[in-house]
Every structure is written in C-alpha cells, then in structure tokens.
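Observations on chain architecture
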Amino acid sequence: MNTVLSWIQNNPWQTGFIGMLLLFVCVPFFLVRHRIQAILRQADHWQELEKNIQELGPEEVRYLPNPTRHVLASVLSNQKGTAQAGAAAPALDYLAAEIDSPVRTLRSLSYLSVLIGLLGTVTMLALALQKVDIMQFRADTLKNIYPINAFAIGLAVAVFLSYSWYRHKADQFLLMTARILGSLRTDLLRGTDPVLLATLEKVGEKFKDWGNEIHQRYLEKINLLLKEVREVNESIIQVVSETVASRKEEDQAIAPLLRTQDAKIELLTQMLYQGYARLFPSEEAEWQKSEPGLGPQARVGGKAAPEKAQPKKGFLSRYFR
C-alpha cells in the first residue's frame, strides 16, 4: 500500500491518465455491460412465450420487462395469437436499436481507451523532453512514458473483445425474437379504414363483373369461331368426297368407251392395211417380212383377208405382158 501511494506521489501525471481511463472507460464499461446483460437475459422470457405463442395476448405481456413488453404490446392484437398487420417490422427495428445502442457504446469505449493512452504518451514525452537537456538525454528518461500507453491499449483490447461477444449474443437474440414473432398469425384488417375497405370491396366486385363479362363475351366469340371452322371443315370434306365420287363415276364411264375406241382403232387399222394391200400387192411380201403379224393373216371382222396372186414385178410388165 505504501508503495502504491509512493508511486502516485512521484508520478502525478501517470496517475491522472490512469484515473481518466478508469473514469471514462472502465466505469461506463460496467454500466453498459449491465444494461446489455439485462436485455439479453430476456431471452428466457421469449423462450417461455414461444411455447404458448398461439394463446398470447396483450394481457399476458403486461408484466414483462422492457423492451420485450413494448415490442409484444405493439405487435399483438386483441385476438390472441394474432399480430397486427405491418407491426412486426417496426417492433423488431426498435428492439434492434435498444440492443445496438449499448453494444456500439462498447466499441466507442475501446477507441476512447486508445486515444487516452496516446494522449498520455504524448503528454509524458513532452514533459520529459522539457525537463531534460538534449545534450544530456538518456534512455532512462522515457521509462515512465510507454506503460500508460500499454495499459490503455490492453484495456481497449479487453473492451473490444467484450463488444464482439455481446454483438454475437445480440444477433442471436434478434434472430430468436424475429422467429417467434414470425410464428404469429397476421390480422390484416386491424387498423384499416372502413371506408377504404368498402371501396376496395366495390372495386373488387366491379373487377369481378368486368372479368366475367369479358370471359363470357370472348367465350361466345370463340365458340362461334369454332362452329364456323367446323362447318367449313365439313364442307371441305363433303366437296372432296363428291369430287372423288364424281371422278370414280367418270372413270367408270370412260373406261368402256376407251376400250371401244381401242377396238375401233384396231379395226380401222386392219381395214386400212387391207385396202393398201389391194392397191400395192407387190409390197405386201416386204411388209410381211418386216411385220409378220400383218398381211394375209390380218383379219377384218374376224375373217381372213383373201389372198391375191402375185403380179409380175417391174414397171413395164404392168403394161406390156
């Protein structure tokens, strides 16, 4: 104890900066930490509420601590297990702000600790250089300068680690509350203007009637179009059937006629040949050689053509025998 008092009397500047660290960093740290823990301990209440969330109403949350009471009171409707429409998001924002405010304060305290340490280092260095001549400067003169900075940086690290831990716990708490509030049913009609509801109902009825009218109108047009297409299809099928039947009848009528014409052409050909043979009997033998099927064997009406005596050959022999 005497040693501590002696060090304080011999190092008033160091004592002052340490007192600043304790007053502006350590004391706020414990106060903020107590506030954060008080909020995070309310996670037990939320876990209990989750078990009977469907039976939860404004009367059941009146005795809960803040900010849990404020969040649930602003979300729940008069009907149990039902949340007001659009109230969950603002309530979660309020709860996040309640938790983030003290948590961010811890981060600010860590920065403040570093700044106080730097201020103490700079102040002690300036005082040491002011009392010592540059020509007589020794390293022992700076032995009381850096301990303050080291203490401040160590305190800043401890505070920042606490900030990281409580930041993680706060995120978990917010996720849990969001999950529980999300399991509530939503009362979409609470707080809605009755005039607006009536107007929306009228508009909905108008849209429904308009849609039914359009559906009926276009359905009739589509049915009429389908009927016309069906009639056209039947007409095309009938025309094609009649055309095919007419072609068959024409074929049946033309085929005997063609066979008759072929027979007549064949008969005419034989008659022409026989007449030509009578006019030029000298050439009949040559025709018989080139076309054995013709000549005396050709028939006219099923009878063989009469054979003629072979005349003498030669031009003069026709007149001078």
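This text gives an overview of the structure that appears in the document. (Residues numbered from 1 in each chain as written. Predicted model: local features only at pLDDT ≥ 70, side-chain atom pairs only at ≥ 80, totals over all residues. Heavy atoms only, no water.)

So, on to the pattern of salt bridges. Tallying each qualifying case throughout the model produces six salt bridges. For Glu48, the salt bridge identified is with Lys51, shortest N-O distance 3.8 Å. Here Lys51 and Glu48 lie together in helix H3 (residues 43–51), a separation of three residues that amounts to about one turn. Accessibility expressed as a relative area gives 68% for Lys51, which makes it exposed. Of the charged contacts, one joins Asp171 and Arg167 as a salt bridge, the two residues approaching to 3.2 Å between their closest N and O atoms. In this pair, Asp171 and Arg167 are both assigned in helix H6 (residues 146–182), four residues apart and thus about one turn of the helix distant. On the basis of relative accessibility, which here comes to 34%, the residue Asp171 falls in the partly exposed class. Shared partners join several salt bridges into a network, and the residues in it are Asp100, Arg167 and Asp171. (Salt bridge = Lys/Arg side-chain N within 4 Å of Asp/Glu carboxyl O. Helix = DSSP H or I, 4+ residues; strand = E, 2+ residues; numbered from the N terminus. Buried < 20%, exposed > 50% of the residue type's maximum accessible area, 1.4 Å probe, protein only.)

The omega torsion across Asn66 and Pro67 is 5 degrees, close enough to zero to call that bond cis. Note that Pro67 resides in the loop between H3 and helix H4 (68–75).

Geometric descriptors of this kind do not, in isolation, establish any biological role.
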